[in-house]
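# Chains, contacts and geometry: an overview
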Amino acid sequence: MKPVLYSYRRCPYAMRARMALKYAGIDVEHREIELRNKPQSMLLVSPKGTVPVLCLDDAVLDQSLDIMLWAIEQSDPDGWIDVDDAIAQAWIEKNDGRFKVLLDQYKYPNRFPELDPQAVLDGALEWMLLPMERSLQNSQYLLGNKMSWVDIALFPFIRQFSMVDANQFEQLSLPATKRWLTQHLESELFNAVMQKHPVWQD
């Protein structure tokens, strides 16, 4: 039996999981969900109701990083895992913690009328995008001159940020980060996991 993956095409967490599974050559049964009408089969195995969810013979993984690392444990042809674990975790915590909060505030200003949009943008720059820029000016990827799982884990969130206001993003002085982002956007790996799937019905 193939592993079953519940996913939502535009979700950055699901995106990072799909990219790792594809990279590792793991064939899955893809079940595309509707956020407003989640399938009962998914909620039975993962009551928290968020994607991605990967159902294996002997386990259910419903955290995107767990899915990524499980996939890479199965097959890691380019050595994505060969990085300093402490530095990797620091980037993940920056992204999945405060930056995700800032990203939501930036993307949905109507939900946060008490916040100054410029202050939110400045916070995202200071917390995440400028540290990334400094790192990427020194090396091609976040942890050196070889791609790692951390680049893939962060990319969907930076992509989402860049799409909120494309004109505003274009004006930001982040040449190395934009080059890194474009490389991922144009990659075969990313485009392979962005194919559309019909919505799964139980």
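Rules used in this analysis
The residue numbering used here restarts from 1 in each chain and proceeds along that chain's sequence as written. Restriction of local features to residues with pLDDT of at least 70 applies here, the model being predicted, together with a cutoff of 80 or more for giving and counting side-chain atom pairs; totals for whole chains, interfaces and linings are based on all residues. For side-chain calculations, the full set of non-hydrogen atoms in the structure is used, while hydrogens and water are omitted. Runs of H or I in DSSP of at least four residues are treated as helices and runs of E of at least two as strands, each being numbered from the N terminus. The reference for a compact globule is 2.2 Å times residues^0.38; the radius of gyration itself is calculated from the C-alpha atoms. For the exposure calls, accessible area comes from a 1.4 Å probe over protein chains only, and a residue counts as buried if that area is under 20% of its type's maximum, exposed if over 50%, partly exposed in between. Residue contacts follow a heavy-atom distance rule, with two residues in contact if any of their heavy atoms lie within 4.5 Å. Any two strands are treated as partners once DSSP identifies two or more bridges connecting them. Angles here are taken between N-to-C directions and fall from 0 to 180 degrees, while the axes themselves are lines fitted to C-alpha atoms, restricted in helices to the stretch in contact. A cavity, in this analysis, means grid points on a 1 Å lattice covering only the protein atoms where a 1.4 Å probe fits yet has no way out; a pocket is instead an open set bounded by protein on both sides within 12 Å along at least five of seven lines, and a residue lines either one if it has an atom within 4 Å of a point. Grid points are joined across faces, edges and corners, and a volume is the space filled by probe spheres set on the points. Note on residue classes: Ala, Val, Leu, Ile, Met, Phe, Trp, Tyr, Cys and Pro are nonpolar, Asp, Glu, Lys and Arg are charged, and everything else, Gly too, is polar. Two N or O atoms count as a polar contact when they lie within 3.5 Å, although within protein this holds only if one can serve as hydrogen donor and the other as acceptor, and sequence-adjacent residues are included solely when both atoms are side-chain atoms. An angle below 35 degrees is read as roughly parallel, one above 145 as roughly antiparallel, one from 65 to 115 as roughly perpendicular, and any other as oblique. Here a crossing is called left-handed whenever its near helix is offset anticlockwise from the far helix by less than a right angle, and right-handed whenever the offset is clockwise. Throughout this description, the term nonpolar core refers to a set of buried Ala, Val, Leu, Ile, Met, Phe, Trp, Tyr and Cys residues connected via side-chain atoms within 4.5 Å.

Each helix and strand counted, the chain has nine helices and four strands in total. Reading the helices (α) and strands (β) of the chain from amino to carboxyl end gives β-α-β-α-β-β-α-α-α-α-α-α-α. Radius of gyration (C-alpha) of the chain: 17 Å, near the 17 Å computed for a compact globule of 202 residues. Structurally, the chain occupies a C-alpha span of about 50 × 40 × 30 Å along its principal axes. The 202 residues of the chain split such that 49% are buried. Residue pairs at least 24 apart in sequence account for 73% of intrachain contacts in the chain once pairs closer than 6 positions are excluded.

Read from one edge to the other, the open sheet built from four strands follows the order 2-1-3-4, with strand pairing classed as mixed. Both edges of this open sheet fall to strand 2 (29-32) and strand 4 (60-61), since each of them pairs with a single strand only. Pairing of strand 3 (residues 53-55) with strand 4, which is carried by two bridges, proceeds in the antiparallel orientation. Across the sheet, residue L54 finds its bridge partner in strand 4, namely L61. Packing of helix 1 (residues 12-23) onto the sheet brings it into contact with strand 1 (4-7), strand 2 and strand 3, and relative to strand 1 it is tilted by some 150 degrees.

So, about the layout of surface pockets. Empty space within the largest pocket amounts to approximately 710 Å³. Listing elements by their share of the lining of the largest pocket, those giving two or more residues are helix 1, helix 3 (64-74), helix 4 (85-107) and helix 6 (149-164). When residues of the lining of the largest pocket are assigned to their parent elements, the largest contribution, five residues, is made by helix 6. Counted by class, the lining of the largest pocket contains 14 nonpolar, five polar and 10 charged residues. Considering only enclosed or pocket space, the second largest pocket measures out at about 290 Å³ in volume.

Moving on, we come to the side chain of S162. With respect to the helices, strands and loops of the structure, S162 is situated in helix 6. Separated by 2.7 Å, the side chain of S162 and the backbone oxygen of R159 make a polar contact. Aside from chain neighbours lying at most four places away, what touches S162 is F169 and L181.

What follows is about the packing of helix 5 (residues 117-138) against helix 6. The interhelical angle for the contact between helix 5 and helix 6, taken along N-to-C directions, is 140 degrees, at an axis separation of 13 Å. Between helix 5 and helix 6, the crossing angle belongs to the class labelled oblique. When you trace helix 5 past helix 6, the crossing you get is left-handed. Seen from helix 5, the contacting residues are L121, A124, M128, L129 and M132; seen from helix 6, they are L154, I158 and F161.

Turning to its location among the elements, R31 is positioned in strand 2. For R31, a relative accessible area of 14% translates into the label buried. Among the polar contacts made by the side chain of R31, one reaches the side chain of Y6 at a distance of 2.7 Å. Of note is the side chain of R31, whose polar atom sits 2.8 Å from the side chain of E29.

Moving on, we come to the nonpolar core. Counting residues in hydrophobic clusters, the biggest one holds 54 residues, and the most contacted among them are W149, L154, F161 and W180. Of all the secondary structure elements, the ones that give two or more residues to this core are helix 1, helix 3, helix 4, helix 5, helix 6, helix 8 (175-185) and helix 9 (188-193). Considering every element that reaches this core, the biggest residue donor is helix 6, with nine residues. Of all hydrophobic cores here, the second largest spans 10 residues; its members include Y6, C11, V51 and C55.

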